[in-house]
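Next come the chains, spelled out residue by residue.
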Amino acid sequence: PRPLLIAYARYLEIDLETHRNLSWLVLEALVAPLPVGWSEHTVAPGKKNGGAVYFYHQPSARSDWVHPFEQLHRETYKHIIRSETDALRHAIETTALPTETELGQWTQHV
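All values reported here derive from a predicted model rather than from experimental measurement. (Residues numbered from 1 in each chain as written. Predicted model: local features only at pLDDT ≥ 70, side-chain atom pairs only at ≥ 80, totals over all residues. Heavy atoms only, no water.)

### Some remarks on the nonpolar core
Here is step 1 of the chain: If you look at the biggest cluster of nonpolar residues, it comprises 13 residues, and the most contacted ones within it are Ile-14, Val-26 and Tyr-77.
Here is step 2 of the chain: When contributions to this core are tallied by element, the ones reaching two or more residues are helix H1 (2–11), helix H2 (23–31) and helix H3 (70–108).
Here is step 3 of the chain: Once residues lying within four places of it in the same chain are set aside, the contact partners of Tyr-77 are Glu-13, Ile-14, Asp-15, His-19, Leu-22 and Leu-25. (Core = buried A, V, L, I, M, F, W, Y, C linked by side-chain atoms within 4.5 Å. Buried < 20%, exposed > 50% of the residue type's maximum accessible area, 1.4 Å probe, protein only. Helix = DSSP H or I, 4+ residues; strand = E, 2+ residues; numbered from the N terminus. Contact = heavy atoms within 4.5 Å.)

Right under this line is the structure:
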């Protein structure tokens with residue numbers, strides 16, 4: 001459902017207002033399978049944090065409140081945004097110089 005996607009995007013700090021084309025990344029994060037050795041559990045109702053989901057890594061006996069791939073999805077978002085920004089900056093820089101040169105030549109004739 002769309003509200004869940006939007007809520008999870010906010011949680012991951014992914015701006016879907018600006019980057020609607022990245023909703024696939026949020027969906028991927030929502031349905032990401034667990035890596036080998038990890039399992040998902042829910043805290044029993046009535047206990048502290050009852051109903052909360054946590055993840056358990058059997059080989060290391062470690063548990064965590066966040067999905068093991070959550071940081072990967074956050075970093076992927078940052079990488080995509082950085083790449084888009086770099087590409088835009090390059091396009092502006094490569095267009096600006098010829099435009100300035102052409103404008104300078106044009107103003108010499110005025």
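Now that the structure has been shown, we can carry on.
### Thoughts on the sheet that holds strand E3 (residues 62–64)
Each strand in a sheet pairs with its neighbour through backbone hydrogen bonds, running either in the same direction (parallel) or in the opposite one (antiparallel).
Here is step 1 of the chain: Taking strand neighbours across the sheet as the criterion, the three strands line up as E1-E2-E3 in an open arrangement whose pairing is antiparallel. Of all the strands in the sheet, the pair left with one neighbour each is strand E1 (38–42) and E3. Averaged over neighbouring strand pairs, the angle between their axes works out to 30° when direction is ignored.
Here is step 2 of the chain: Bridging between E1 and strand E2 (residues 53–57) involves five bridges; their strand directions are antiparallel. Residue pairing for E2: Ser-39 is matched across the bridge by Tyr-56. (Pairing = 2+ DSSP bridges. Axes fitted to C-alpha atoms, helices over the stretch in contact; angles between N-to-C directions.)

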